[in-house]
Amino acid sequence: MIRLSMLQLRAQAIIAAAALIAFAILLAATGPHLASLYAASGLDGCKPASCGQRASSFLQLANSTSPYAAVNTLSILVIALTPALTGLFWGAPLLARELETGTFALAWSQSVTRTRWLAVKLAVGGLAAMAVTEALSLLFAWWAAPLGRAAGLGGSGNLGTSQFNPLAFVTHGITPLGYAAFAFTLGVTAGALIRRTVPAMAVTLAIFAAVQIAMPLWIRPNLFPASHTTVPIAFSDTTLNLYTTSRHTFTYSLATDDGLPGQPEAWIRSSGAANAAGHPVSTAVPSACLPAARSSGPGPALANCLTSRGIRIAVTYQPVSRYWPLQGTETSICLLLSLALAGYCFRRLSRLS
Amino acid sequence: MNTAIQASGLGKRYRRAWALRDCTLAIPEGRVAGLVGPNGAGKTTLLRLAAGMLTPTCGTITVLGQRPGAGPAQLARVGFVAQDTPIYSRMTVADHLRLGAWLNPSWDDHLARQRISQLALNPKQRAGSLSGGQRAQLALTLALAKRPGLLILDEPVASLDPLARREFLRGLMEAVAGQGLSVLLSSHLVADLERVCDYLVVLVASRVQVAGEVSDLLASHHRLSGPRRDRAALPAGQEIITESHTDKQSSLLIRADGPVLDPAWAVKPVSMEDLVLAYMSRAGDDGPASPQRLKVAS
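As the structure is a prediction and not an experimental result, all values here were calculated from the model.

## Concerning the overall build of chain B
Reasoning step 1: Secondary structure summary: chain B contains nine helices and 13 strands in total.
Reasoning step 2: Here chain B has a C-alpha radius of gyration of 21 Å; the compact-globule value for 298 residues is 19 Å, and the two agree.
Reasoning step 3: With the principal axes as the frame, chain B shows a C-alpha extent of 65 × 40 × 35 Å.
Reasoning step 4: Of all 298 residues assigned to chain B, the portion counted as buried reaches 43%.
Reasoning step 5: Sequence separation of at least 24 residues holds for 71% of the intrachain contacts in chain B that already meet a minimum separation of 6.

## Some points on the overall build of chain A
Reasoning step 1: In terms of regular secondary structure, chain A is built from twelve helices and five strands.
Reasoning step 2: Here the C-alpha atoms of chain A give a radius of gyration of 26 Å, more than 25% beyond the 20 Å that 2.2 N^0.38 yields for 353 residues.
Reasoning step 3: Along the first, second and third principal axes, the C-alpha set of chain A runs to 85 × 45 × 30 Å.
Reasoning step 4: Considering only contacts in chain A between residues 6 or more positions apart, those separated by 24 or more positions represent 79%.

## Observations regarding helix 5 (residues 132–145) of chain B
The α-helix advances 3.6 residues per turn, and as a result positions three or four apart in sequence lie on the same side.
All names here are of chain B.
Reasoning step 1: Taking 1.5 Å per residue, 14 residues should reach 20 Å; helix 5 reaches 20 Å between its end C-alpha atoms and fits that length.
Reasoning step 2: In terms of residue burial, helix 5 counts as a mostly covered element, since 13 of its 14 residues are buried.
Reasoning step 3: Downstream of helix 5 by a residue or two, Arg147 has a phi angle that is positive, lying close to 55°.

## Examining the interface of chain A and chain B
Size of an interface, as often reported, equals the accessible area lost when the parts are brought together.
Reasoning step 1: Between chain A and chain B, the residue contacts involve 17 residues of the former and 22 residues of the latter.
Reasoning step 2: Counting residues per element, the ones that place at least two in the side of chain A that touches chain B are helix 1 (2–8) and helix 5 (104–107) of chain A.
Reasoning step 3: Broken down by element, the side of chain A that touches chain B gets its largest block of residues, three residues, from helix 1 of chain A.
Reasoning step 4: Each residue belonging to the side of chain A that touches chain B can be placed in one class, and the counts come to seven nonpolar, nine polar and one charged.

## Details of the packing of helix 3 (residues 93–103) of chain B against helix 4 (residues 109–118) of chain B
Residues and elements named next belong to chain B.
Reasoning step 1: Relative to each other, helix 3 and helix 4 sit at 160°, their axes nearing to 11 Å. Considering their axes alone, helix 3 and helix 4 lie roughly antiparallel with respect to each other. In this structure, helix 3 crosses over helix 4, and the sense of that crossing is right-handed. Contact residues: helix 3 offers Val93, Leu97, Gly100 and Ala101, while helix 4 offers Asp109, Ala112 and Ile116.
Reasoning step 2: Residue composition of the contact of helix 3 with helix 4, by class: five nonpolar, one polar and one charged.

## With respect to the packing of helix 2 (residues 10–40) of chain A against helix 4 (residues 68–101) of chain A
Residues and elements named next belong to chain A.
Reasoning step 1: Where helix 2 contacts helix 4, the two axes come as close as 12 Å, and the packing angle between them is 165°. When the axis of helix 2 is compared with that of helix 4, the two are roughly antiparallel. Considering the relative orientation of helix 2 and helix 4, their crossing is left-handed. Where helix 2 approaches helix 4, its residues Gln12, Phe23, Leu26, Thr30 and Leu34 are matched on the opposing element by Tyr68, Val71, Val78, Phe89 and Trp90.

## Considerations on helix 4 of chain A
Reasoning step 1: The terminal C-alpha atoms of helix 4 of chain A, which comprises 34 residues, lie 46 Å apart, in line with the 50 Å expected from a rise of 1.5 Å per residue.
Reasoning step 2: Of all the bends in helix 4 of chain A, the greatest measures close to 50° and is centred on Pro93 of chain A.

## So, the nonpolar core
Reasoning step 1: Residues Ala50, Ile152, Leu184, Val202 and Tyr279 of chain B are the most contacted members of the largest nonpolar core, which totals 174 residues.
Reasoning step 2: Per-element accounting of this core gives the leading share, 15 residues, to helix 6 (residues 114–152) of chain A.
Reasoning step 3: In contact with Ala50 of chain B, other than residues within four places in its own chain, are Ile5, Ile61, Val63, Pro68, Ile152 and Leu184 of chain B.

## Comments concerning the environment of Ser66 of chain A
Residues and elements named next belong to chain A.
Reasoning step 1: In this structure, Ser66 sits in the loop between helix 3 (48–64) and helix 4.
Reasoning step 2: Its 8 C-beta neighbours within 10 Å are what place Ser66 among the exposed residues.
Reasoning step 3: C-alpha separation for the pair Ser66 and Thr30, spaced 36 residues apart in sequence, amounts to 9.8 Å.

## What to know about the environment of Arg90 of chain B
Residues and elements named next belong to chain B.
Reasoning step 1: Structurally, Arg90 is set in the loop between strand 5 (78–81) and helix 3.
Reasoning step 2: In this structure Arg90 comes out as partly exposed when scored by C-beta crowding, with 14 C-beta atoms within 10 Å.
Reasoning step 3: Not counting residues within four places of it along the chain, the set of residues in contact with Arg90 comprises Arg126 and Gly128.

## With respect to unusual backbone geometry
Reasoning step 1: Following Ser66 of chain A, the chain continues to Pro67 of chain A via a peptide bond in cis, the omega torsion being 0°.
Reasoning step 2: For Pro67 of chain A, the position within the fold is in the loop between helix 3 and helix 4.

## Concerning the sheet that holds strand 10 (residues 221–227) of chain B
Strand pairing in a sheet relies on backbone hydrogen bonds. The paired strands run either parallel or antiparallel.
Residue and element names in this part refer to chain B.
Reasoning step 1: With antiparallel pairing, four strands are arranged side by side in an open sheet as 11-12-10-13. Among the strands making up the open sheet, the edge pair consists of strand 11 (238–245) and strand 13 (266–269). Ignoring strand direction, the axes of neighbouring strands in this sheet form an average angle of 25°.
Reasoning step 2: Across seven bridges, strand 10 lies against strand 12 (residues 249–256) in antiparallel orientation.

## Examining the sheet that holds strand 4 (residues 58–63) of chain B
Residue and element names in this part refer to chain B.
Reasoning step 1: Taken in spatial order, the three strands line up as 2-1-4 in an open sheet, and their pairing is antiparallel. With one partner strand each, in any of the chains shown, strand 2 (18–28) and strand 4 form the two edges of the open sheet. Put simply, the sheet's adjacent strands are angled 15° from each other on average, direction ignored.
Reasoning step 2: One ladder, built from five bridges, connects strand 1 (residues 3–13) with strand 4; its direction is antiparallel. Looking across to strand 4, one finds that Ser8 is bridged to Thr60.

## Remarks on the environment of Pro264 of chain A
Reasoning step 1: Inspection of the secondary structure puts Pro264 of chain A in the loop between strand 3 (250–256) and strand 4 (267–274).
Reasoning step 2: Pro264 of chain A sits 113 residues away from Ala151 of chain A along the chain, and the two C-alpha atoms are 8.1 Å apart.

## Overview of the pairing of strand 10 of chain B
Reasoning step 1: In terms of strand pairing, strand 10 of chain B meets strand 13 of chain B through four bridges, oriented antiparallel. Note on strand 13 of chain B: the bridge partner recorded for Leu224 of chain B is Val267 of chain B.

## Some points on the confidence of the model for chain B
All names here are of chain B.
Reasoning step 1: Taken residue by residue, chain B gives an average pLDDT of 89. The fraction at 70 or more is 94%.
Reasoning step 2: Ranking the elements of chain B by mean pLDDT puts helix 9 (residues 272–286) last, at 84, and strand 6 (residues 150–154) first, at 96.
Reasoning step 3: Here residues 287–298 is modelled with pLDDT under 50, and outside its nearest four sequence neighbours on either side it reaches 17 contacts, counting other chains as well.

Parameters and conventions
Residues numbered from 1 in each chain as written. Chains lettered and ligands numbered in written order. Predicted model: local features only at pLDDT ≥ 70, side-chain atom pairs only at ≥ 80, totals over all residues. Helix = DSSP H or I, 4+ residues; strand = E, 2+ residues; numbered from the N terminus. Rg over C-alpha atoms; globule rule 2.2 N^0.38 Å. Buried ≥ 20, exposed ≤ 12 C-beta atoms within 10 Å, placed from the backbone. Contact = placed C-beta atoms within 7 Å. Expected span 1.5 Å × (residues − 1). Nonpolar A, V, L, I, M, F, W, Y, C, P; charged D, E, K, R; others polar. Axes fitted to C-alpha atoms, helices over the stretch in contact; angles between N-to-C directions. Parallel < 35°, antiparallel > 145°, perpendicular 65-115°, else oblique. Left-handed = near helix turned anticlockwise from the far one by under 90°. Bend = angle between axes of the 7 residues up to and from the residue. Core = buried A, V, L, I, M, F, W, Y, C linked by C-beta atoms within 7 Å. Pairing = 2+ DSSP bridges. pLDDT = per-residue confidence, 0-100.

In structure tokens:
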């Protein structure tokens, strides 16, 4: 039965292997040079506190040197789309095509119970989808390691995205395994319910996309309680916007730009003006600071004045130490959903044909 | 005698309607049984239930003494060729044989290869590019090479041209002679069944109208014609299946336990087609539930 599953997956497996090899060649051809750029920038052995500037200039150099920015974007897209593609082209047809073409009657009249038939097909297809996605992710992690190290040193730039960035989070670590398993079993389930390949593929895509949007927006931020802190207004690392509400009154907004001091990799959920105790304060510019606001706008003078009034920036965030717990929890959610869907497919199986 | 298929009160309901209801039958082992009936009689549902493709909504069915599809061992004992002889169109002929070998412990690879070469099929050819006849033959090869005790075929020749039909049935008969298996096949082409079957089941609206050895059925049914008369005049042990009357003439198809002795009748033998049509039209007029009631047939 394992051999049959592999035979039936042959065409898809060839496409996946070809894509994997092409991807590996692309990364292998460009990765070593990126690493040598990193070595040349003298970031090895740096301390996060002292190397932010140099890390940023490395990231800018990498961004402006062809083809790193393009390879980076392409890789993230490929890894983020692979679970969806395997769900669509491996998962959805698994039952739907058999039901659509009537070949289920051939498959299920061999000397193998249909429960075992499905178990093997789910295992082979699901594990293959997980392996392909994770292989892509690991290759890219190797390629992008210098960029990640520079970001960890406090460097900023287009290529120094936070590891909590929604696209970065689902393309690194173990989440690709979870999403690959979920998309695959989602496809199989849609096929079992709809019994036609193309509509099953469409439904799979719609639901998977919805989950991938809902996860970073509503689910991931709430998996663990957020941490709170307040930081002083450091004008260089702070966004200070000033709004005129009438001729005599102004409001302002505050946010940290470059993460938390000392925790450049933390995942910032929100930030705003607060008093020293961390309680939000009115965003109306205090009257003592109105002259500064009038004369120089949202400049250092206003920032200093706000600081002297005891105003700080309150930050709600997930510390970087939550990265792996979040990865683990999100992957577990995906795998549990996959198991539930697979269980439903088994229950549904006796009623199919 | 062991039964190949035994059903009692068997029913299958889909979401809205019953596809088969209250079906009771017993087919002995070692027969090539033909299942005939009008469209919608429940033939396909019955065959799928027997093959273990479906589970009954009510009633029981046993195949070779076991519940259909009860496990790998039971699946191995039943070969099934579904309607339209499905095969994997993207896989080659050789891939299909590999599939059979992988999934069936009792696979007879020699038999499979021999049949493929007799049929002059190219093992490297994609099954999707085979002709209808070749496709049916490939499906039959898969079902035969697992060496089943019972082979179930659902309208295997319906879409084939006359030549391919003859070839298919010849291949089937050779295999039956060689392997000594029981066969149940459905068709609405009575001429094909006449060629291969030694047992006949007529199914109309889920009910078995008549079932038995073909030779017995042909021997016990007669077409009578003679001067018009009432059916009450028939002696005991004779049952009218269909009758038609003109002002002067009566024409009957009857089942009789013994010879027809009344000299007023001209007695003719019946063909299988006569028999099937008679039982189908009687059921159509009469409602399925009352074989004892008699009415004037068309």
